[in-house]
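# An overview of the molecular structure
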Amino acid sequence: MRIDPIDAIRPYVIGAKRVTSAERVMWITPDRVFYAGLLGTPSTRNYGATMVYVALDGVVRVQIGSQAWQEGHVFVVPPHTVHRVACETRHIAATMLEPESVDMQALPDWLQHSGGLVEQEGFRSRAHQAHQALLRNGQQSQAPMLDFDQLLFGMELPKRQLDKRIAQVVERIRTNPSGQAQAQDCAAQVHLSFSRFLHLFKSEVGTSFRTFRTWKRARSLLHYVVDQNSSLTDVALEAGYPDSTHFSHSIRQVYGLKPKDIFAGSRKLRVIGAAVTPHYMR
């Protein structure tokens, strides 16, 4: 029997005022994302980044895998972990941290959490402050003079030192997620055998080459949500998907939502940071 978790949430509002559509914002950097906006339905999600969820005007509930639902104010979900998220109101703050960009073993203990509720009132406060800072500073510039790590975490997160050969491949995919990079070609590029490359890549990055490439391609969708005039087929091809069917299936596996629903929910979203200009618009 399907249980809608929204029905199980008791009314509770933390003192902050309700978020309006004019206050929806997303800040994108190459290795971080901060999103304050609509949550969408509590469907299954599976991101390739560490996710930190904070309810903007109430409590949030998270189910990791088949575990019981937990309720609280701050949740951490590790990369490539199937989960569902719900909140009593329509809005949530989500911080996305790319694992290859940080030394996971040197992160604060609460960010190394195996998944679930964490006691982090400090981060909850900073998430609300970051939201307000973006609303203020983002009015005049597409790249506000704010330091992501200091604003959200109160410190510069330790950088991960990858093998130089693997770092070269990671950068290639990160800067061109729509490219058709094949493992064989990348192995040859860094002068490694195919099997050695795959083993070293997973050891260094923490996930397989194919999974990493799939995630980065899905992540690139965030750059396109402000373009409400292009067809989803155009976006799918621009993002590197062979067709709209494959695009829709892959996006639903990651975000738990259909692409059309993501775009519909982003109509009043302001995106700050590095943006792409689709080839068909150049």
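Residues numbered from 1 in each chain as written. Predicted model: local features only at pLDDT ≥ 70, side-chain atom pairs only at ≥ 80, totals over all residues. Heavy atoms only, no water.

## What about the packing of helix α3 (residues 164-175) against helix α5 (residues 194-205)?
Between two packed helices, both the angle of their axes relative to each other and the distance between the axes serve to describe the pair. Worth spelling out the cut-off: Helix axes are fitted only over the stretch in contact, all axes being lines through C-alpha atoms; the angle between N-to-C directions runs from 0 to 180 degrees. A run of DSSP states H or I qualifies as a helix once it reaches four residues; a run of E qualifies as a strand once it reaches two. Both are numbered from the N-terminal end. Angle categories are assigned with fixed cut-offs, so that under 35 degrees is roughly parallel, over 145 is roughly antiparallel, 65 to 115 is roughly perpendicular, and the rest are oblique. Residue contacts are counted whenever heavy atoms from the two residues lie within 4.5 Å of one another. In the scheme used here, Gly and all other residues not listed as nonpolar or charged are polar, with Ala, Val, Leu, Ile, Met, Phe, Trp, Tyr, Cys and Pro taken as nonpolar and Asp, Glu, Lys and Arg as charged.
Interaxial distance between α3 and α5 falls to 10 Å at its minimum, and their mutual angle equals 85 degrees. Between α3 and α5, the angle falls in the class roughly perpendicular. Judged by residue contacts, Arg-165, Ile-166, Val-169 and Val-170 of α3 engage Phe-197, Leu-200, Phe-201, Glu-204 and Val-205 from α5. When its residues are assigned to classes, the contact of α3 with α5 shows seven nonpolar, no polar and two charged.

## Regarding the sheet that holds strand β3 (residues 50-55)
Heads up, the condition is: Being paired, for any two strands, means DSSP has found at least two bridges between them.
As summarised here, the arrangement of the seven strands in space is β9-β6-β3-β8-β2-β1-β10, forming an open sheet in which the pairing is mixed. Two strands lie at the open edges of the sheet, namely β9 (116-117) and β10 (270-273), each paired on one side alone. Where strand β2 (residues 32-38) and strand β8 (residues 91-97) come together, seven bridges link them in antiparallel fashion. Considered in β8, the bridge of Phe-34 is made with Thr-95. Where helix α1 (residues 121-137) meets the sheet, it contacts β1 (25-28), β2, β3, β6 (74-77), β8 and β10, and its direction lies at approximately 85 degrees from that of β3.

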